[in-house]
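Fold and contact review
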Amino acid sequence: MSNVELGLWSFPVLLLLIFLRMPIGLAMLIVGVVGNYLITKSWNPSLALFKSLTFSTFSSYSFAVVPLFLLMGQFAAMSGVSRALFDAAASWLGHRKGGIAMASIGACAAFGSICGSSLATAATMGQIALPELKRHNYSGALATGTLAAGGTIGILVPPSWILVIYAILTEQNIAKLFLAAIVPGILAAVGYCITIAIVARLKPESAGTPYPRVPYRERFKQLGRIWPAPFTFVLVIGGIYTGIFTPTEAAAVGALGTALIAIFNRTFTWPAFRTAMVQMATGTGMIFMIILGAAALNNFLALSQLPQVAAAFVTEQGFNPWVVMTLILIMYLILGGPMDSLSMILLTIPVVYPVTLALDFGLSHEEFSIWFGVLTLVVVEVGLISPPVGMNLFVINSMSKGTSMGQTFAGVTPFLISDLVRTVILVAFPSISLFLVQWLF
């Protein structure tokens, strides 16, 4: 068996190990180490890999941003700002048909801008919005589908630590990637609100009863209570674009800022602080294990020459670039079922990025890398709500007593259609993702 064939076989073997419920970081590590042995015919390079790869991976300054952004998300959830965001959105939208669900989407988008995690956004907003949706007689399907979809905006709007990982892998500018994700994030929120409006008209019984109309004076008063969210967003993102902070420094400042907001709101307690630190450490350990496993697997794939051979093959065959891009995005949608977003990016980018980079989309190297990063994040986001194993679906369904998993699957389907339409638009018009980058840089 040739080295390239070994590289090809690594993917079905990896999926088999995942199907057998082996932790994905460990599965990638085993496939990478064994594959390295099969190519070199010796365990010495594989054992040496543990020493050199572990140090080079975990001593990287760039990866320090991961625990800091996770900690920022934990403090943001602790601060109580999520309740203020929902109340403010509900005061403006709650009187409309389906308005409370729309308010949930708006609150998810705003909370995601200071959290950066899909699961944290879904879980935090679910605790607040689900009781309100149930109290106003929203169907279990629409309530859980809305919050599962709304949670995905958390990894799209900056600051997104998944985009940070992509930037490190492809050696791109993190600030430009954050900027490119803003408009697609807004499109996601608008598309979900339109979806809710359509569902509320086609199935009026599912949208429950609206809030009474709130006077404008009260609406602006509610807006005044959400100042921590825009303050933190401007502090972190503004600091990066003005050159005051590096992305890692901005993550540290954001974590400190959200902690101070929690203290100001009197929601900062030592038990909550200990829980936040444990959650941050647990999440960081899981992520770093996946990063280490992916590094070992990618080292094996580099030895097998699979990425280079695949890129050369696609180029020589003269395939239409748009067809290749479509097939890659479909692959991501399929992988979104059994794999989480970080694992998908770490596993696939070293292979598909060189392939797509060799194709001509009429963009410069940097423009293509930024556009492809946004597209990757969008389809990874779709995987989080794709039945049967989308992670956000299980998080929200576990919080909604009396709602079956089948109802949640049915409720999220209209949002999946919205995601697919948005993906097609972003593929067809790269300038949607790039015009802010081109304008400001």
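See above for the structure.
Fair warning: this is a prediction, and the values are worked out from it, not measured in the lab.

Here the idea is simple: oppositely charged side chains can pair when their charged atoms come close. Summed over the entire model, instances satisfying the criterion amount to five salt bridges. Close ionic contact of Glu132 with Arg135 constitutes a salt bridge, the shortest N to O distance being 2.8 Å. Taken together, the residues span about one helical turn, with Glu132 and Arg135 both in helix α7 (residues 118–135) at a distance of three residues.

Time to look at the nonpolar core. With 145 residues, the main nonpolar core has Phe69, Phe86 and Phe372 as its most contacted residues. Among the elements that take part in this core, helix α10 (residues 174–202) stands out by supplying 16 residues, more than any other.

This part takes up the environment of Pro131. By the secondary structure assignment, Pro131 is in helix α7. For Pro131, a relative accessible area of 45% gives the class partly exposed. Distance from Pro131 to Glu5, taken between C-alpha atoms, is 53 Å for residues 126 residues apart in sequence.

Now for helix α12 (residues 228–241). Spanning 14 residues, α12 covers 20 Å between terminal C-alpha atoms, matching the ideal 20 Å at 1.5 Å per step. As for α12, its buried residues are in contact with α4 (65–78), α5 (81–93), α10 and α13 (247–264). Following α12 by one or two positions, Gly243 adopts a phi angle in the positive range, close to 80 degrees.

The next point concerns the packing of aromatic side chains. Applying the stated criterion across every chain yields a total of 18 aromatic pairs. Measuring from ring centre to ring centre gives 6.2 Å for Phe75 and Phe268, while their planes differ by 45 degrees; the resulting arrangement is tilted. Residue Phe75 is located in helix α4, and its partner Phe268 is located in the loop between α13 and α14 (270–304); the two are separated by 193 residues in the primary sequence. When its relative accessible area of 5% is taken as the criterion, Phe75 is described as buried. Residue Phe268 is classed as partly exposed on the basis of its relative accessible area, which comes to 24%. Summarising the aromatic geometry, the rings of Trp322 and Phe361 are spaced 5.1 Å apart at their centres and angled 90 degrees between planes, so their arrangement reads as edge-to-face. Of this pair, Trp322 sits in helix α16 (residues 321–335) while Phe361 sits in the loop between α17 (341–357) and α18 (365–383), placing them 39 residues apart in sequence. Owing to a relative accessible area of 36%, Trp322 belongs among the partly exposed residues under this scheme. Three or more aromatic residues link up through ring pairs in this structure, and these residues are Trp322, Phe361, Phe368, Trp371 and Phe372. Lying over the aromatic face of Trp92, Arg219 brings its terminal NZ or CZ to 5.3 Å of the ring centre. The ring of Tyr216 has Arg219 lying over it, and the distance from NZ or CZ to the ring centre is 4.4 Å.

Here we come to α14. For α14, spanning 35 residues, the distance from its first C-alpha to its last is 51 Å, which sits close to the expected 51 Å at 1.5 Å a residue. Just beyond α14, the residue with positive phi is Gln305, at close to 70 degrees.

Calculation criteria
Counting restarts for each chain, with residues numbered from 1 along the sequence as it is written. Only residues with pLDDT of at least 70 get local features here, since the model is predicted, and only at 80 or more are side-chain atom pairs given and counted; chain-wide, interface and lining totals rely on the full set of residues. As a rule here, side-chain values cover all heavy atoms of the structure and leave hydrogens and water aside. Here, a salt bridge means any Lys or Arg side-chain nitrogen found within 4 Å of an Asp or Glu carboxyl oxygen. Numbering of helices and strands starts at the N terminus; helices are DSSP runs of H or I of at least 4 residues and strands are runs of E of at least 2. Nonpolar core, defined: a set of buried Ala, Val, Leu, Ile, Met, Phe, Trp, Tyr and Cys residues in which side-chain atoms within 4.5 Å join the residues together. Relative accessibility decides the category of a residue: with a 1.4 Å probe and only protein chains considered, values under 20% of the type maximum give buried, values over 50% give exposed, and everything between is partly exposed. Here the expected length of a helix is defined as 1.5 Å per residue gap, with one fewer gap than residues. Any two residues whose heavy atoms approach within 4.5 Å are treated as being in contact. Centres within 6.5 Å make a pair out of two Phe, Tyr or Trp rings, where for Trp the six-membered ring is used; the pair is then stacked when the planes are under 30 degrees apart, edge-to-face when over 60, and tilted otherwise. Here, a charge over a ring is recorded when the distance from Lys NZ or Arg CZ to the ring centre is within 6 Å and its angle to the ring normal is within 35 degrees.

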